[in-house]
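Summary of structural features
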Amino acid sequence: MRIVFMGTPEFAVPCLQRLISDGEDVVGVFTQPDKPKGRGYTLAPPPVKEEALKHEIPVFQPKSMRDGEALTILQRLQPELIVVVAYGKILPKEILFFPKYHSVNIHASLLPKYRGSAPIQWCILNGETVTGVTSMLMDEGIDTGDMLLRAETEIPMDMTAGELHDVLASLGAQVLSKTVQAIRENRLKPVAQTGESNYAPMLTKDLCPIDFSRSALEIHNQIRGLSPWPVATTMWKGKRLKIYRSELGEKTTAPAGTIVSTDGAIAVACGDHTVLRILELQQEGKKRMSAADFLIGHAIAEGTVLQ
């Protein structure tokens, strides 16, 4: 099947790889423009572009999807299907419905829950225990199109958003492969999205500061939901500590924010009288490391209060 693939970040790469390995005819790849990266602000290509070039697939990086340039490219490529995976641009109607089979999106949630740009992080921030991937026929709304196929996966209590990202990227490739095959065989029965829905907005650093008056579970979900970016934070001796990994501990009578133990981890009392054990962190200007290694070089007295 002649397919145009539209995607940008690392999450989309397994889907592109799967289309190629399945023998689909990927006639073009649309991705976001190269962006400055690093201290030298050198232009760096998106991961999807790098993967496409490995396979000598033509790459297109239009700044806009509404000025006619993208449509002209599609008219030349004549795809039968557009596949969209975390592209980062809203497609106008004339592009969505241009191919014979229209446009299909792979979304990292069990729709209609967690529409939007950060479904992986928000399902962990909200303490969900199950999530998945949904393929859908795209319409002009944001993640509101009819559902095609879906696959579920459990979210372990210690899994971070970064780890879940990798699981769902792989699962998304499987769902896409099955979706394309079902489209080819005319076996799909689109289902309208009904029931409870919510929106997963873009993450900001306003979500990072930890409030230890909250429950240990809420803070644990905050830490793993914001890892590896933008990362939950607290303050110690006037310096910011980024917290990447934690686990729930025992009950305590200490006031919220108080360090109650430094035995291999930094154990902090939370608002529900439960201890949260900080396992991995990064001090401002330093490298990321385990709490055990951090404690070797930093004496933290029990009773210290984190802000």
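Observations regarding the overall build of the protein chain
If you tally the helices and strands in the protein chain, you get eight helices and 17 strands. Along the first, second and third principal axes, the C-alpha atoms of the protein chain reach 70 × 45 × 30 Å. Within the protein chain, the proportion of its 307 residues that are buried is 49%. In the protein chain, once contacts between residues fewer than 6 apart in sequence are set aside, the share between residues at least 24 apart is 64%. As displayed, the protein chain offers around 14900 Å² of accessible surface, 51% of which is attributable to carbon and sulfur atoms. A gap of 4 Å separates the mean positions of the 33 positive and 35 negative side-chain charges of the protein chain.

What to know about helix 1 (residues 13-21)
All buried positions along helix 1 are accounted for by V13, C15, L16 and L19. Looking straight down helix 1, one finds that the buried residues subtend no more than 165 degrees of arc, so they occupy a single side. Those residues of helix 1 that are buried are in contact with strand 1 (2-7), strand 2 (25-30), helix 2 (47-54), strand 6 (81-85), strand 7 (103-107) and helix 6 (161-184). Just downstream of helix 1 lies G23, where phi reads positive at about 85 degrees.

Description of the side chain of N105
Among the secondary structure elements, N105 is positioned in strand 7. Since its relative accessible area comes to 6%, N105 is described here as buried. A polar side-chain atom of N105 sits 2.8 Å from the main-chain carbonyl oxygen of V84.

Side note on a nonpolar patch on the surface
Together, I90, I142 and Y199 make up an exposed nonpolar region whose accessible area comes to about 330 Å². On the secondary structure map, Y199 appears in strand 11 (residues 199-200).

Some remarks on the state of the cysteines
According to the stated counting rule, one finds zero disulfides in the structure shown. Residue C208 stays outside any disulfide, its sulfur separated by 17 Å from that of C270, the closest cysteine. With a relative accessible area of 4%, C208 lands in the buried category. Overall, the relative accessible area of 1% leaves C270 in the buried class.

Remarks on the sheet that holds strand 5 (residues 59-60)
Spatially, 5-2-1-6-7-9-10 is the arrangement adopted by the seven strands of the open sheet, whose pairing is mixed. Whereas interior strands pair on both sides, the edge strands pair on one side only; in this sheet they are strand 5 and strand 10 (147-154). The pairing of strand 9 (residues 130-137) with strand 10 spans six bridges and is classified as antiparallel. Looking at the pairing, V130 lines up with E154 of strand 10. The strands touched by helix 3 (residues 69-77) are strand 1, strand 2, strand 5 and strand 6; relative to strand 2, the strand with the most contacts, the crossing angle is about 170 degrees.

Re the side chain of T234
Assignment of secondary structure puts T234 in strand 12 (residues 232-236). Residue T234 is classed as buried on the basis of its relative accessible area of 2%. Side-chain polar atoms of T234 contact the backbone oxygen of Q307, separated by 2.7 Å. Once residues lying within four places of it in the same chain are set aside, the contact partners of T234 are F212, K239, R240, L241, I243, L306 and Q307.

Calculation rules
- Residues numbered from 1 in each chain as written.
- Predicted model: local features only at pLDDT ≥ 70, side-chain atom pairs only at ≥ 80, totals over all residues.
- Heavy atoms only, no water.
- Helix = DSSP H or I, 4+ residues; strand = E, 2+ residues; numbered from the N terminus.
- Buried < 20%, exposed > 50% of the residue type's maximum accessible area, 1.4 Å probe, protein only.
- Contact = heavy atoms within 4.5 Å.
- Areas by Shrake-Rupley, 256 points an atom, 1.4 Å probe, with all protein chains shown as cover.
- Lys, Arg positive; Asp, Glu negative; His and termini not counted.
- Charge placed at Lys NZ, Arg CZ, Asp CG, Glu CD.
- Arc of directions from axis to C-beta.
- Polar contact = N/O pair within 3.5 Å; in protein donor to acceptor, adjacent residues only side chain to side chain.
- Patch = residues over 30% accessible without salt bridge, like charges linked within 9 Å, V, L, I, M, F, W, Y side chains within 5 Å.
- Salt bridge = Lys/Arg side-chain N within 4 Å of Asp/Glu carboxyl O.
- Disulfide = S-S within 2.5 Å.
- Pairing = 2+ DSSP bridges.
- Axes fitted to C-alpha atoms, helices over the stretch in contact; angles between N-to-C directions.

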